[in-house]
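Descriptive structure summary
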Amino acid sequence: MMNAIFMNDMSCQQPIETANRQQMNLSQIMNVTSPLSRMNGWTIVRPLLCFALAAVLVSTAEAQLIDRTLAPNIANEGIAKSLPQQVGAGRGDLYTPGSSQFLIARDPFRSIRRGRQLFQRKFTHAQGQGPVVQDGVGDVNQILAIGAGLSDSCAGCHGRPRGSAGFGGDVVTRPDSRDAPHLFGLGLKEMLADEITSELRAIRDEALAAARASGRPTTRALASKGIAYGSITAAPDGSLDTGAVRGVNSDLRVRPFFAHGGKIAIREFVVGALNDEMGLVASDPDLALAASGSKTTTPAGMVMDGSLDSFAVPPNGPDEIDPALVDHLEFYLLNYFKPATYEQTQRTARGRKIFDRIGCATCHIPDLPLKRDRRVADVETIFDPDQGSFNGLFATATPLFHIFDDQRGFAPLKSPKGGAFLVKNIFTDFKRHDLGSNFYERNYDGTTRTEFLTTPLWGVGTTPPYGHDGRSINLTEVILRHGGEALAQANAFERLPDEERSAVLDFLNSLVLFPPDDTASNLNPANRLDPRYPQSGHGSIKLGVLFNDPTDPE
């Protein structure tokens, strides 16, 4: 049971097993702020202090992970489950133990962890890895994936900082290359973009209704979450003039993934990356339905409606990746942690004010409201040298789910609350902009791309080099590279006195990524008394303590 980590009076002998106490324990463990906390008469003990549990909780992991069922080792490091064990009972349903839908609904933190292990897994040739699309041969003008790299792991491109869904890869899908961005906060980006799309389309539909009712053309400003997307004019005959739409396609769909805004959904991104960058075929049924014009809702709650939007057609089988694995990967990335904020000082606060003053926040909007959050938890990571270990960072996990016992004899359902959430420090407007010729991108077919999505700045302090192509070696260079719509802001930055320019850079450098396995948290605080500290005892964001059964590692 998950709650076996809770001991009465520090004893390792008294697990709590009732459903009511299970609900209390989830709240308790997510509010630990010190190595040993006492709440409601129960003591929450860090697993490292109880040797009986230390061997069964999830161990620290690397940027990429071996499968220890295939590559056993004395340290017992690596993924605990084989690939068939990760597939489990397939997709199943809410009543099929071991299936992806069962775990997402009833043991969501296990599903998240399983998705994380799949993300870090080094796939073998026997499991289907490789070759690259068309083995690198064909018309790259039409099939950009020919220029993609071939990796044995998602972390091969998204693996920095260590053990994270970070950055680090580079591919030649364009002549001047593309850098792989970090994936922190990916689910929040998907949800924000989807809500903005719905709000823009509601304005469009209202304009059409007004034009039909009045018999006259009707123009409406397009705006969502304080972001202006131009305007749209509807005619009484149902036609639309989209010539004044700005920063988004005429269909008003915000596509948050890829530098140019190419994909709508995490699932679409995952299936494409598995095929293009790893040579793993996933003829995903959900994506296939959406690509064929149908409407479907993924187990992670994303609605993909092919009657409204175009989705990439998944590769043809035979499948090398079971749809259940795609379910876990999607759910993991939906719930993936936001970037952190490093030490905030008077100087970083001054830098942020100057950032606003010179107009950078016109496009890099700091905070955006989300109406309906589909995640099951939030993790806030800040500079806290007293509780932090590596990098002085400490993470606090907060539950965002309801518990409901459906009386089916299984663990209770843990459903997202679906409440509002303010996404802080994202610094984007989800619009495409022309930033001048310094950012233009050549394509293999001889065309030139001139517009790119505003890059969210969260994590920017730890993600050099910069630009979609990795051409800018530091923050100063990428800022001064801006032209076009951002020329005035770049010029304003260049004219700043050295002290003010340095303050802006200090502010930007405080927006950081972090290694989850090396970041102490209320799930696994640091223990500086550990005799092997900091090789062990440095703490981590350890989801295993939230499994229904933490004695069964992933």
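Right above here is the structure, for reference.
Here the structure is a predicted model, which is why all the values come from computation and not from measurement. (Residues numbered from 1 in each chain as written. Predicted model: local features only at pLDDT ≥ 70, side-chain atom pairs only at ≥ 80, totals over all residues. Heavy atoms only, no water.)

**Some points on the overall build of the chain**
Cut-off, in case you're wondering: Elements are defined by DSSP. Helices are runs of H or I of four residues or more, strands are runs of E of two residues or more, and each kind is numbered from the N terminus. Burial here depends on accessible area, computed with a 1.4 Å probe over protein chains only, as a share of the maximum for the residue type. Under 20% is buried, over 50% is exposed, and the range in between is partly exposed. Working rule for contacts: check all heavy atoms of both residues, and any pair within 4.5 Å makes them a contact.
A tally of helices and strands in the chain yields 13 helices and 25 strands. Relative to its full complement of 554 residues, the chain shows a buried share of 55%. If you take every contact in the chain between residues at least 6 apart in sequence, the share linking residues at least 24 apart comes to 66%.

**Notes on the packing of aromatic side chains**
The condition is simple: The rule is short: rings of Phe, Tyr and Trp, with Trp giving its six-membered ring, pair when the centres are within 6.5 Å, and they are stacked under 30 degrees, edge-to-face over 60, tilted in between. Only when the NZ of Lys or the CZ of Arg is both within 6 Å of the ring centre and within 35 degrees of the ring normal is a charge said to sit over the ring.
Per the counting criterion, the structure on display carries 14 aromatic pairs. Ring centres of Phe-355 and Phe-427 lie 5.8 Å apart, and the angle between their planes is 85 degrees; this geometry places the pair in the edge-to-face category. Residue Phe-355 is located in helix α10 (residues 346–357), and its partner Phe-427 is located in the loop between β19 (421–423) and β20 (432–433); the two are separated by 72 residues in the primary sequence. For Phe-355, a relative accessible area of 3% gives the class buried. Put simply, the rings of Phe-119, Phe-184, Tyr-332, Tyr-336, Phe-337 and Phe-514 touch in pairs and so form one group of aromatic residues. Positioned over the ring face of Tyr-229 is Lys-431, at 5.7 Å from the centre of the ring. The ring of Phe-439 is capped by Arg-481, whose NZ or CZ atom sits 4.3 Å from the centre of that ring.

**Describing the pattern of salt bridges**
The test is simple: In what follows, salt bridge is the name for a side-chain nitrogen of Lys or Arg lying within 4 Å of a carboxyl oxygen of Asp or Glu.
For the structure shown, the criterion picks out 43 salt bridges. The shortest N-O distance in the salt bridge between Asp-517 and Arg-116 comes to 2.5 Å. One end of the pair, Asp-517, is in the loop between β24 (511–512) and β25 (520–521); the other, Arg-116, is in helix α5 (residues 108–120), with 401 residues separating them in the sequence. The exposure class assigned to Asp-517 is buried, which follows from its relative accessible area of 4%. Judged by its relative accessible area of 6%, Arg-116 is buried. Each of Lys-81, Asp-107, Arg-110, Arg-114, Asp-552 and Glu-554 takes part in salt bridges that share partners, so that together they form one network.

**Regarding the sheet that holds strand β9 (residues 227–234)**
Formally: For two strands to count as paired, DSSP must find a minimum of two bridges between them. Only the contacting stretch of a helix is used when fitting its axis, a line to C-alpha atoms as for every element, and angles between N-to-C directions run 0 to 180 degrees.
Taken together, the three strands give an open sheet; going across it, the order is β8-β9-β10, and neighbouring strands pair in antiparallel fashion. Single-partner strands in this sheet number two, and they are β8 (218–224) and β10 (240–241). In this fold helix α6 (residues 186–214) packs onto β8, β9 and β10, with an angle of close to 165 degrees to the strand it touches most, β8.

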